[in-house]
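Take a look at the letters that make up each chain.
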Amino acid sequence: ISGSSADIKTEEGKLYQVKSRKIKGTPTTQLNIIRSWEFDYLVAVLFDEPGIIKKALEVPVEVAKEYAAANSHQNGWVITTTQKFLNDKRSIDISIQLSSLSKSKFVPPSTSKTITSPRTISRLTSQNNAIGNLLPICLDPSDPGEFKTQLLISRLAEIKTIYSDGRVESKKWNANRFKQSSNVLGNLRSRPEYRAGKWQADHIVRVDIVAIKMPELVGKDERAPENLPNSAPAK
């Protein structure tokens with residue numbers, strides 16, 4: 001599922017909201033805005049610059065609320081990944097499980113014993129936006145609504161395909177035919193290279209897609225967006 005409250009719904013009816021960020025050096029960063037608390041668990045995932053999972057936590061919603069600061073400008077709440085937040089014993093560290101699944105490798109038995117509970121893994125791997133038969137896709141902005149709005153304005157995004165050997169292939173997506181009713185994840189997963197079976201065979205572990213903002217687009221190309229080939233004017 002996708003919306004302001006939750007990204008994932010399990011067969012048991014539990015709701016998960018997923019927030020991810022790339023970090024440089026220090027793990028302290030702000031997660032994207034939370035606009036509703038109508039979910040059961042927050043899954044916070046921190047990636048390093050090459051796209052490797054550095055920290056992944058399953059945080060009960062009541063614990064997440066304790067670390068949230070109101071943000072009236074964005075009409076929601078923001079959580080900063082302080083050391084206290086990252087080391088709160090009420091949360092479950094799922095870094096190793098998610099990393100091993102994303103790389104299509106098994107967790108060594110000696111390592112898996114250090115993890116307190118696998119409940120998140122069994123739930124996430126069966127969902128549309130989880131690691132399983134469907135390709136993991138990370139949006140930037142991570143909120144699907146914000147991402148779609150930005151893409152409809154610029155009509156341009158950057159797609160980064162990340163392989164298990166560390167390779168990263170980047171290409172532009174000219175989203176001229178993308179509509180308000182379009183499904184972002186469905187659109188990407190319908191591509192031949194990202195279909196079930198194909199992406200696993202090609203050792204793809206994840207796809208990152210960044211909606212390019214208009215100022216960035218002009219800065220890189222030094223032309224107004226409406227003059228770019230295969231690009232629709234902003235509305």
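Notes on the structure follow. Counting of residues starts from 1 at the beginning of each chain's written sequence and follows it residue by residue. Reporting in this predicted model follows two pLDDT cut-offs: at least 70 for local features of residues, and 80 or more for side-chain atom pairs to be given and counted; totals over whole chains, interfaces and linings ignore these cut-offs and use all residues. No hydrogens and no water enter the side-chain calculation; it runs on all heavy atoms of the structure.

### What to know about the overall build of the protein
Okay, so step 1: Secondary structure assignment for the protein yields 9 helices and 11 strands.
Okay, so step 2: Taken across its 235 residues, the protein has 46% of its residues classed as buried.
Okay, so step 3: The long-range share in the protein, meaning contacts at least 24 apart out of those at least 6 apart in sequence, stands at 61%.
Okay, so step 4: The method behind every accessible area is Shrake-Rupley, applied with a 1.4 Å probe, and residues are considered shielded solely by the protein chains displayed. As displayed, the protein offers around 12700 Å² of accessible surface, 51% of which is attributable to carbon and sulfur atoms. Strands are runs of DSSP state E lasting at least 2 residues, helices are runs of H or I lasting at least 4, and numbering of each runs from the N terminus. Three labels apply to residues, based on accessible area from a 1.4 Å probe with only protein chains included: buried if under 20% of the type maximum, exposed if over 50%, partly exposed otherwise in between. We call two residues contacting when some pair of their heavy atoms lies within 4.5 Å.

### Section: the layout of surface pockets
Okay, so step 1: There is about 700 Å³ of room inside the second largest pocket.
Okay, so step 2: Of all the secondary-structure elements, those providing two or more residues to the lining of the second largest pocket are strand E2 (15–22), strand E8 (137–140), strand E9 (156–163), strand E11 (204–211) and helix H9 (214–221).
Okay, so step 3: When residues in the lining of the second largest pocket are grouped by element, the largest group, 5 residues, is from E11.
Okay, so step 4: The class makeup of the residues in the lining of the second largest pocket is 9 nonpolar, 3 polar and 12 charged. A pocket, in this scheme, is an open set of points on a 1 Å grid over the protein atoms alone with protein on both sides within 12 Å along at least 5 of 7 lines, while a cavity is a set where a 1.4 Å probe fits but cannot get out; residues line either one if an atom lies within 4 Å of a point. Grid points are joined across faces, edges and corners, and a volume is the space filled by probe spheres set on the points. Under this grouping Gly is polar, as are all residues other than the nonpolar Ala, Val, Leu, Ile, Met, Phe, Trp, Tyr, Cys and Pro and the charged Asp, Glu, Lys and Arg.

### What to know about the nonpolar core
Okay, so step 1: In plain words, nonpolar cores are sets of buried Ala, Val, Leu, Ile, Met, Phe, Trp, Tyr and Cys residues tied together by side-chain atoms within 4.5 Å. One finds Ile137, Trp173 and Ile209 to be the most contacted residues of the largest nonpolar core, which totals 21 residues.
Okay, so step 2: Residue contacts for Ile209: discarding those within four places in its chain leaves Ile137, Cys138, Leu139, Asp140, Phe147, Ala157, Glu158, Ile159, Trp173 and Leu188.
Okay, so step 3: Core analysis: the next-biggest nonpolar cluster, separate from the first, contains 19 residues, Ile23, Leu57, Val61 and Leu86 among them.

### Quick look at the environment of Ser20
Okay, so step 1: Mapped onto the secondary structure, Ser20 falls in strand E2.
Okay, so step 2: Accessibility expressed as a relative area gives 19% for Ser20, which makes it buried.
Okay, so step 3: The sequence separation of Ser20 and Lys55 amounts to 35 residues, and the corresponding C-alpha distance is 9.9 Å.
Okay, so step 4: Excluding residues that lie within four positions of it along the chain, Ser20 makes contacts with Asn32, Val45 and Phe47.

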